[in-house]
2 protein chains.
Amino acid sequence: MNIESLTFSLADLCREVAQGQRRSIARALSIVEDGGAAAAEVVRLLFPASGTAHVIGITGSPGVGKSTLVDALISRIREDNLSVAVLAIDPTSPFSGGALLGDRVRMQSHTLDKSVFIRSMANRGHTGGTAAATGDAIRVLEAAGFDLIIIETVGVGQSELAIAQTADTTVIVLMPGSGDDIQAIKSGIMEIGDVFVVNKGDLPGANKTYSEILAAMELTRTSSAWAPPVSLATAETEEGVEQVWENILSHRRFLERSGELAVRRTQKMQAELEELVGDLARSCLQDSFRRCARVQELLDSLARKTIDPHAAASEIFRAIFST
Amino acid sequence: MNIESLTFSLADLCREVAQGQRRSIARALSIVEDGGAAAAEVVRLLFPASGTAHVIGITGSPGVGKSTLVDALISRIREDNLSVAVLAIDPTSPFSGGALLGDRVRMQSHTLDKSVFIRSMANRGHTGGTAAATGDAIRVLEAAGFDLIIIETVGVGQSELAIAQTADTTVIVLMPGSGDDIQAIKSGIMEIGDVFVVNKGDLPGANKTYSEILAAMELTRTSSAWAPPVSLATAETEEGVEQVWENILSHRRFLERSGELAVRRTQKMQAELEELVGDLARSCLQDSFRRCARVQELLDSLARKTIDPHAAASEIFRAIFST
């Protein structure tokens, strides 16, 4: 397929995305996930229609019940007659190269609802571009006209930071016991959450965890005008989900009233731009690294300990970038 | 302080590290953690003495009891009269810029033992260099003469991949229930573990989790000559810790006998070298990004949607690297 016909069919595809055709949305998502020239073209075509949805990030440790909460939120959102797309981002092994989880099992109940779209997306691991790839996927879903976009991701540390960089409202899900509360404080996620949920509220110790999170909030409280609300929920029975939804809406109103929404989106765009430029530099670098004949010699010297790693890296860097 | 006197005092410091002086070890670790020219100099001085210890990575989700297991392993290792250093890597908030956890509370019992050294190290988040910074910290501890170095880290996904890139033997800790087993398979960590431990073996469902992990091992089994052993433990009471230690030693023997140790270390050095060159490129890029006048104009165009993010990134990349 030559580039003109490819460009032509991508334009068709993007028109179908704008009409909300599900198969085309799925295909466009695959294209932006794969990256490269086709992804850039799809984003170019869809970008003018982007920036319209409220993007909700939902994150927390494995096993806290994020999927169940998302499932319950979808039902609640549909009661308000809003359309919603879910991107479930799975950590991926760099060895197998693909997500082991397919489309969500739990969410089968919504598959016949045309105003709900659910998609698993692989997290491409180390090689960067998570926030940028997620940003592009969000653009596809916005162009398709969804009112709300939920980004669900597992993990601590980096994946949560990436979600906070992408979402308008970041929801942190915790559960009673298993040291989750302390770990949350340790890993610094208290500072990125806009809304907190202690899920599995029917477990013993739920009230204790709830109080500890509240206390931790006081400690890490920033000067921001928004005090992140904490609520108890049992997503399994939908108990407390109404309050979570209220808290999300309330945060949205705060963002709009305070002008914070525009400020955040500019910051996010800048961060994404820096990431994209970094990705371009990285792929340029990786090519050069593999082609650089000096690398193998330096690895031999390192094995013999006649040079140290930092000196070797400086030499390679100079060799690549002074050409 | 001028550079010569700094270099001179770093040489003194490194001599004291080689003599095993604890305060100097701690200072050298701070220097390599901070990075920069002083870190490179310390590594240059200590590198010839490195590569001597067995590096054990211990990882798993929050709350599985990694610290308790490490504590129990230290006691077991000391029975064999081996010296051991522990680096506990905490996920750090990019906002507060420091680890909230200080030196480990649980491990106080070992603080009077001169053959045990415990240190918390901040994970510097996004900005890369985790594996390289950990690699440098390991070099300091090796130069100080420790027989074993344990790297403990929380998390799923990227932090675990970083540990597998650094350790000779990677121990994955899981616990019964809370979906840990399924999450482990999902996140691809089955493939990076050399030794598996189902901790909290006294909890209900421990045997079920144990069987599920064994079954998952069969599924993800690679052609490698090493079949990762799985064992049940209750680190709190030290039950099963002997078996974990046996499994670690057995993996070490496998690495040496098969020649795999040398192969892995060369691969790791290559990965670290690539990361170091990437770090140099990234910091060069960040400087340029901030100085590039076109960035602000492009952000305005992005807000007006007259350009798309990929096109903007390409333009900045060309502006920075064509100079």
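Every chain's residues receive numbers from 1 upward, in the order its sequence appears when written. Lettering for chains starts from A, numbering for ligands starts from 1, and both go in the order in which the items are written. Only residues with pLDDT of 70 or above have their local features reported here, since the model is predicted, and side-chain atom pairs are shown and tallied only from 80 upward, although totals for entire chains, interfaces and linings are computed over all residues. With hydrogens and water set aside, each side-chain value is computed from the structure's full complement of heavy atoms.

## With respect to the overall build of chain A
Here is step 1: A tally of regular secondary structure across chain A gives twelve helices and seven strands.
Here is step 2: Throughout, a contact is declared for two residues whenever any of their heavy atoms are within 4.5 Å. A separation threshold of at least 6 residues defines the contact pool for chain A, and within that pool the share at least 24 residues apart is 75%.
Here is step 3: Using a 1.4 Å probe, accessible areas were evaluated by the Shrake-Rupley method; residue-level cover was limited to the displayed protein chains. A total of about 13,700 Å² of accessible surface is found on chain A, and carbon and sulfur atoms cover 52% of it. Counting from the N terminus, the helices are the DSSP runs of H or I reaching at least four residues and the strands are the DSSP runs of E reaching at least two.

## Some points on the side chain of H54 of chain B
Here is step 1: The topology assignment puts H54 of chain B in strand β1 (residues 54–60).
Here is step 2: With residues up to four places along the chain from it excluded, the contact list for H54 of chain B reads D147, L148, I149, D168, T169, I248 and R252 of chain B.

## Details of the environment of A313 of chain A
Here is step 1: Summarising the element assignment, A313 of chain A is placed in helix α12 (residues 309–321).
Here is step 2: Put simply, A313 of chain A and V295 of chain A are 18 residues apart on the chain and 9.1 Å apart in space, counted from C-alpha to C-alpha.
Here is step 3: If we skip the residues at most four places from it in the chain, A313 of chain A touches L273, L276, V277 and L280 of chain B.

## Here we look at the pattern of salt bridges
If charged atoms from side chains of opposite charge come close, those side chains can pair.
Residues and elements named next belong to chain A.
Here is step 1: Think of a salt bridge as a Lys or Arg side-chain nitrogen and an Asp or Glu carboxyl oxygen that are within 4 Å of each other. For the structure on display, the rule yields 30 salt bridges over all chains.
Here is step 2: With its nearest N and O atoms 3.1 Å apart, the salt bridge here joins K208 to E212. Here K208 and its partner E212 are both found in helix α8 (residues 206–220), four residues apart, which amounts to about one turn of the helix.
Here is step 3: Buried means the residue's accessible area, taken with a 1.4 Å probe over protein chains only, is under 20% of the maximum for its type, while exposed means over 50%, and partly exposed covers the values in between. Judged by its relative accessible area of 57%, K208 falls in the exposed class.

## With respect to the packing of aromatic side chains
Aromatic ring pairs: the centre-centre distance and the angle between the two ring planes describe each pair.
Here is step 1: A pair of Phe, Tyr and Trp rings is counted when the ring centres sit within 6.5 Å of each other, with Trp represented by its six-membered ring. The angle between the planes then sorts it: under 30 degrees is stacked, over 60 is edge-to-face, the rest tilted. All chains considered together, the criterion is met by four aromatic pairs over all chains.
Here is step 2: If you follow K305 of chain B out to its NZ or CZ, it ends over the ring of F47 of chain A, 6.0 Å from the centre. Geometrically, a charge over a ring is one whose NZ (Lys) or CZ (Arg) sits within 6 Å of the ring centre while staying within 35 degrees of the ring normal.

## Concerning unusual backbone geometry
Note: most peptide bonds trans; most residues except glycine with negative phi.
Here is step 1: The phi dihedral of E238 of chain A falls on the positive side, at around 65 degrees, and the residue is not glycine.
Here is step 2: Counting through the fold element by element, E238 of chain A comes out in the loop between β7 (230–232) and α9 (241–258).
Here is step 3: Assessed through its relative accessible area of 47%, E238 of chain A is described here as partly exposed.
Here is step 4: Here N81 of chain B, not a glycine, exhibits a phi torsion of approximately 65 degrees, which is positive.
Here is step 5: Judged by relative accessible area, N81 of chain B falls into the exposed class, the value being 62%.

## What to know about the confidence of the model for chain A
Residue and element names in this part refer to chain A.
Here is step 1: In the predicted model, chain A carries a mean pLDDT of 82, and the fraction of residues at 70 or more is 80%.
Here is step 2: Of all the helices and strands in chain A, helix α7 (residues 180–186) carries the lowest mean pLDDT, 57, while α9 carries the highest, 97.
Here is step 3: When the criterion is pLDDT under 50, residues 92–105 qualifies, and its contacts beyond four places in sequence or with other chains add up to 32 contacts. Confidence of the predictor at the level of single residues is given by pLDDT, which spans 0 to 100.

## Observations concerning helix α11 (residues 294–303) of chain B
Residues and elements named next belong to chain B.
Here is step 1: Regarding α11, the residues found buried are V295, L298, L299, S301 and L302. In an axial view of α11, the angular spread of the buried residues amounts to 160 degrees, which keeps them on one side of the axis.
Here is step 2: Note on α11: the residue one or two positions beyond its end, K305, has a positive phi of about 60 degrees. This arc corresponds to the set of directions leading from the helix axis out to the C-beta atoms.

## Regarding the pairing of strand β4 (residues 148–154) of chain A
Here is step 1: Counted residue by residue, β4 of chain A has seven buried out of seven residues, so it is predominantly covered.
Here is step 2: Burial of the side chains of β4 of chain A extends over both faces: L148, I150, E152 and V154 of chain A are buried on one face and I149, I151 and T153 of chain A on the other.

## Re the pairing of strand β5 (residues 169–174) of chain B
All names here are of chain B.
Here is step 1: Counting buried positions along β5 yields six of six residues, so the element is predominantly enclosed.
Here is step 2: A two-sided burial pattern is seen for β5, the buried positions comprising T169, V171 and V173 on one face and T170, I172 and L174 on the other.
Here is step 3: Whether two strands pair comes down to DSSP finding at least two bridges between them. Where β5 meets strand β6 (residues 195–198), four bridges bridge the pair, whose relative direction is parallel. Within β6, the position partnered with V171 by the bridge is V195.

## Re the packing of helix α4 (residues 66–79) of chain B against helix α9 (residues 241–258) of chain B
All names here are of chain B.
Here is step 1: It is the contact of α4 with α9, at a shortest axis distance of 10 Å, that shows an interaxial angle of 75 degrees. Put simply, α4 runs roughly perpendicular to α9. Along the contact surface, α4 presents L69, A72, L73, R76 and I77, while α9 presents V241, E242, V244, W245 and I248.
Here is step 2: For this classification, Asp, Glu, Lys and Arg are treated as charged, while Ala, Val, Leu, Ile, Met, Phe, Trp, Tyr, Cys and Pro are nonpolar and the rest, including Gly, are polar. Grouping the constituent residues of the contact of α4 with α9 by class yields eight nonpolar, no polar and two charged. To get an axis, fit a line to the C-alpha atoms, keeping to the stretch in contact for a helix; angles then go from 0 to 180 degrees between the N-to-C directions. Orientation categories follow fixed angle ranges, with anything under 35 degrees roughly parallel, anything over 145 roughly antiparallel, 65 to 115 roughly perpendicular, and all other angles oblique.

## Points about the side chain of N247 of chain B
Here is step 1: Assignment of secondary structure puts N247 of chain B in helix α9.
Here is step 2: Here N247 of chain B is in contact with V195, W226, P229 and S231 of chain B, once residues within four sequence places are set aside.

## Observations concerning the environment of I77 of chain A
All names here are of chain A.
Here is step 1: Residue position: I77 is located in helix α4 (residues 66–79).
Here is step 2: Since its relative accessible area comes to 0%, I77 is described here as buried.
Here is step 3: Discounting chain neighbours no more than four positions away, the residues touching I77 are L82, V84, L148, I150 and W245.

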